[in-house]
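# Architecture and fold: a report
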Amino acid sequence: VRVIGGQVGVFKNIGDDLIVVGGQVDVGKDAVVFGSLVTTAGIVTVDGQVKEDIRGILGMLLLNGRVERNVTVTVEDQLNISEKAFIGGTLTYSALVESQIPQGVIKGGVSFNKFERNDVLQSLTYVYLIQRAFAFAGGLLLLWLFVFLMPKGLVNMAERTKENVLKSFGIGLLVMISLFVGAILLMVTIVGIPLALIVLAALIAIVFITQVFVSMWLGSYVFKYKKASKGKLFLAGAVSLFFYHLLGLIPFVGWALNLVLFLVGVGSIYMMKVECWSYLRKKDML
């Protein structure tokens with residue numbers, strides 16, 4: 001069984017492995033996983049049996065059932081093993097603090113690896129900064145292409161967005177909700193899975209393309225685009241794009257600011273597409 005979900009509950013037998021990503025994962029008291037449980041989740045509760053191993057990166061593990069082989073996990077918050085639990089192999093876990101393990105519960109040995117929160121956060125920060133740098137570089141490339149191919153379109157979009165910021169935000173929010181809901185509904189049927197993957201790929205493309213439109217819109221408040229050369233347009237967009245990514249680095253609120261700007265950009269793109277379609281219909285080209 002392979003499953004992704006916010007809350008995943010298993011209350012019957014699974015003949016082989018259970019591989020799950022979720023916010024909360026529960027293996028019921030009467031459930032038996034005849035293979036291994038491999039999971040990444042916030043809270044994992046195992047009251048039933050796992051015939052092979054438990055492996056994963058978890059927020060919290062609550063083990064009350066039986067694991068016939070090994071348990072190898074990284075726990076961010078808490079590892080709680082009750083006196084009723086049983087591990088037939090070894091317990092190997094990494095955590096911020098060492099847990100109290102009842103005697104006689106683990107047949108093999110126990111290996112504890114303590115990690116420091118600061119080291120983990122520092123590593124995540126480096127990864128995040130590298131991801132931001134690549135996103136900025138990709139955004140510059142897209143910006144150059146758009147400036148070269150459709151400079152007037154970018155300028156018109158920026159000016160219209162400035163006049164309809166709230167409308168663009170509302171439309172962008174509705175568009176993204178519709179796309180996500182549509183992708184989930186398509187996933188329900190086997191026939192719809194390829195279409196759902198296409199929708200998800202389109203969402204990824206939208207994330208990269210939107211930053212170009214957002215940067216041009218933000219730059220319109222500072223730079224004068226009318227009669228500007230392509231070089232000046234690119235320079236203005238590049239400065240605004242850098243500012244856009246810089247906002248995302250602000251602790252706690254940066255992601256929210258980027259999300260709002262992103263939704264405004266999505267709304268702007270949608271309105272521009274609608275205007276293009278309307279124009280083409282009037283010209284009997286559609």
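First things first, this report covers the structure right here in the doc. Since this is a predicted model, take the numbers as computed values, not measurements.

Regarding its fold elements, the protein chain presents 6 helices and 11 strands. Against the compact-globule benchmark of 19 Å for 286 residues, the protein chain has a radius of gyration of 26 Å, which places it well outside the compact range. Structurally, the protein chain occupies a C-alpha span of about 80 × 45 × 25 Å along its principal axes. Residues counted as buried form 38% of the 286 residues belonging to the protein chain. Long-range pairs, those at least 24 residues apart, make up 28% of the contacts in the protein chain with a sequence separation of at least 6. For the protein chain, the exposed surface amounts to about 17000 Å²; the carbon and sulfur share of it is 66%. The distance from the centre of the 25 positive side-chain charges to the centre of the 18 negative ones in the protein chain is 17 Å.

Spatially, β1-β2-β4-β6-β8-β10-β11 is the arrangement adopted by the 7 strands of the open sheet, whose pairing is parallel. Bordering the open sheet on either side are β1 (2-10) and β11 (110-114), each of which pairs with just one other strand. In this sheet, neighbouring strand axes are inclined to one another by 25 degrees on average, regardless of whether the strands run parallel or antiparallel. One ladder, built from 9 bridges, connects strand β2 (residues 18-27) with strand β4 (residues 37-46); its direction is parallel. Across the sheet, the residue bridging to Val21 is Thr40, located in β4.

Side-chain pairing between opposite charges can occur once the charged atoms of the two side chains come close. In the structure shown here, the tally under the stated rule is 3 salt bridges. The shortest N-O distance in the salt bridge between Arg55 and Asp53 comes to 3.6 Å. For Arg55, a relative accessible area of 37% corresponds to the partly exposed category. Here Asp53 falls in the buried class, since its relative accessible area comes to 15%. The partner of Arg66 in a salt bridge is Glu68, and the shortest N-O contact between them spans 3.3 Å.

So, how was this worked out
Residues numbered from 1 in each chain as written. Predicted model: local features only at pLDDT ≥ 70, side-chain atom pairs only at ≥ 80, totals over all residues. Heavy atoms only, no water. Helix = DSSP H or I, 4+ residues; strand = E, 2+ residues; numbered from the N terminus. Rg over C-alpha atoms; globule rule 2.2 N^0.38 Å. Buried < 20%, exposed > 50% of the residue type's maximum accessible area, 1.4 Å probe, protein only. Contact = heavy atoms within 4.5 Å. Areas by Shrake-Rupley, 256 points an atom, 1.4 Å probe, with all protein chains shown as cover. Lys, Arg positive; Asp, Glu negative; His and termini not counted. Charge placed at Lys NZ, Arg CZ, Asp CG, Glu CD. Pairing = 2+ DSSP bridges. Axes fitted to C-alpha atoms, helices over the stretch in contact; angles between N-to-C directions. Salt bridge = Lys/Arg side-chain N within 4 Å of Asp/Glu carboxyl O.

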